[in-house]
Structures are given as C-alpha cells and as structure tokens.
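# Report on the structure
Listed here are the chains, written in short residue letters.
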Amino acid sequence: MRQAIVKTIGGFINITSMLSPKLGGKIALKLFSKPRKIKLKEPEKDFLMTAFIEDIDYENLNIMTYRWLGKKETILLAHGWESNSFRWKSLIERLKKLDYNIVALDAPAHGRSSGKLFNAVLYAECIHIVAKKFNANIIIGHSVGGMATAFCKSKYELPSVNKLILLGAPSNFVGVFSRYTAMMGYNKRVSKAMDELIHERFKEKPEHFNAARFLENEDTQGLLIHDKKDRIIPYSDAEDFKNYFKNATLISTEGFGHGLRHEEVNNHIIDFVNA
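Described in the following lines is the structure provided in the data block. All of these numbers come straight from a predicted model, not from anything done at the bench.

## Examining helix 8 (residues 188-202)
Side chains that are three or four residues apart share a direction in an α-helix, a result of its 3.6 residues per turn. Look at helix 8: 21 Å from first C-alpha to last across 15 residues, which is about the 21 Å you get at 1.5 Å a residue. By the burial criterion, the buried members of helix 8 are Val-190, Ala-193, Met-194, Leu-197 and Ile-198. Viewed along the axis of helix 8, the buried residues span an arc of 140 degrees, placing them on a single side of the element. Turned more than 90 degrees away from the buried face of helix 8 sit Lys-188 and Lys-192, all of them exposed. Structurally, helix 8 contributes buried residues whose contacts are with helix 1 (2-19), helix 2 (21-33) and helix 7 (173-184). With a side-chain oxygen lying 3.1 Å from the backbone nitrogen of Arg-189, the N-terminal cap of helix 8 falls on Asn-187. The first or second residue beyond helix 8 is Lys-203, which carries a positive phi of 65 degrees.

## Some points on unusual backbone geometry
Backbone geometry places Asp-99, a non-glycine residue, at a positive phi of 70 degrees. Tracing the backbone through its elements, the reader meets Asp-99 in the loop between helix 4 (89-97) and strand 4 (101-105). Of note, Asn-135 is a non-glycine position whose phi angle comes to about 55 degrees, a positive value. For Asn-135, the location among the structural elements is in the loop between helix 5 (120-134) and strand 5 (138-142).

The rules behind the values
Residues numbered from 1 in each chain as written. Predicted model: local features only at pLDDT ≥ 70, side-chain atom pairs only at ≥ 80, totals over all residues. Heavy atoms only, no water. Helix = DSSP H or I, 4+ residues; strand = E, 2+ residues; numbered from the N terminus. Expected span 1.5 Å × (residues − 1). Buried < 20%, exposed > 50% of the residue type's maximum accessible area, 1.4 Å probe, protein only. Arc of directions from axis to C-beta. Contact = heavy atoms within 4.5 Å. Polar contact = N/O pair within 3.5 Å; in protein donor to acceptor, adjacent residues only side chain to side chain.

Here is the structure:
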C-alpha cells in the first residue's frame, strides 16, 4: 500500500515535469527535504525533561538542546532523519554513569527544534553552533547526523573535538539522491532538475557533497559502526568512509539494522570514548 502511494506521488511529479521540469524538481526536492513531524510520547518527554533544556538561536531557527552534566569530556549527540534526541536514551544512561558531560540536539524540523525543511548542510551548521557553544570533545552522529558531522568537521575549526563516531552514516549525497529517485520512480527530467536546483542553491553540484572525501585529511580519531545488512544506507558507504578517513576504525555488525540500537554498539562506543 505504502509503495503504491509513493509511486503515485512519483508519477504525479513526473507528469508535472513534462510541463515544467523545474517545477517538478522543486516539488521533488521539497518532498525530499520535509521530514514528518513525529510527536513525542509522554515517556520520551519525561526522559528529556531530566536534562537542562536550552533553545539556541541560529538565523531564523530555534535549535533545542538537552544537557546532562558530568565532570568528564563533553559528548555531543546528533540524531538522524525523522528522529530526535530521545533516540540516544540508552547510550545517555550509560554515559551518565561514567560521568561524561552530554549534549544532544534536535535537528532543524525535528523534535522540538523549529523549521519545516531539513538538509545535511544546514544540520552541519547547527552542529557547529552547538559544538562550539558547549566546547564538545567528541561528536557522535547517526545516519544523516553522521554525514552532517563530517560536513561540519571538514568546514569549521573545532579544536576541542578530538574524536568522531559515525553510525550508519551515508558517505555521499549522490547515493542518497539516487536511492530517493529510485524509490519514487522519478524520470530523468526530475532528477536533472533536482541536481540543478542543488547547484543553484549551494553553488556546488551534488557530487561535491561527499562526506567520506571531506574527511580525507582529518587527523581526528574516528570510529565507524555500520551494519552489513543495513537496508537504508548500504554497507559500501562505510567502506567509502574507511577508504578516506584513514584515522578511523571500522566496526561491522550484523543484525542490528540501520538503527544500531543495541548494547553491543553502545559497548563499542564506550570503549572508544574511554580510550
């Protein structure tokens, strides 16, 4: 049923592109950039209320942050698409027991942060603002949060950051776009129009946004964790990161999926941050 709806929407956009390729591309790009607003459940709210909560203004956005105070290094947590800071609950509880200072942020258009549209470049800017404000030492990013972390670290000077952990992260924007295009069944007119709109907005072609390549000269210590059976972001993306990010260790899991929500994953993270 869901697949049929997706293909119907894709078909409508394809028809629109026959009349105006640019309009078809705009609709497709907006759909790509607009996450569903998922309402927090009461237990999720209750957990997040245990933190010190602070809104940070960035341009026309309010970025929600949550802090659990500790005496050790500061760890910044960046979630993925259609998620929020609650996704880190089990890891936060482990890190709290070890007395780490923990900061989590809700991405633009996610959780309690404002905005309606999202992209990894904007997310990278928000991660930078939060990392700088709280003097982060370690950044952990899941999925597109990992991609945005790579964009952030390659673009901005963050001397306090000495470790990066990327979980199930997409290595390049072209791959993300191609999977979206295939899922929706877009024709070449729509695909080309989206590429042109990206270039128009960011002054760079989609292939420029290669998170793995951005880390080629990065000397920060890195940990990559990716599941071999990840159905959202292929395992080959983790191999791309490893090929470029020479100072990173790749840990492969099997059976934890894209979410990587498992104590074994948390154990790997704890071992890395403690080292």
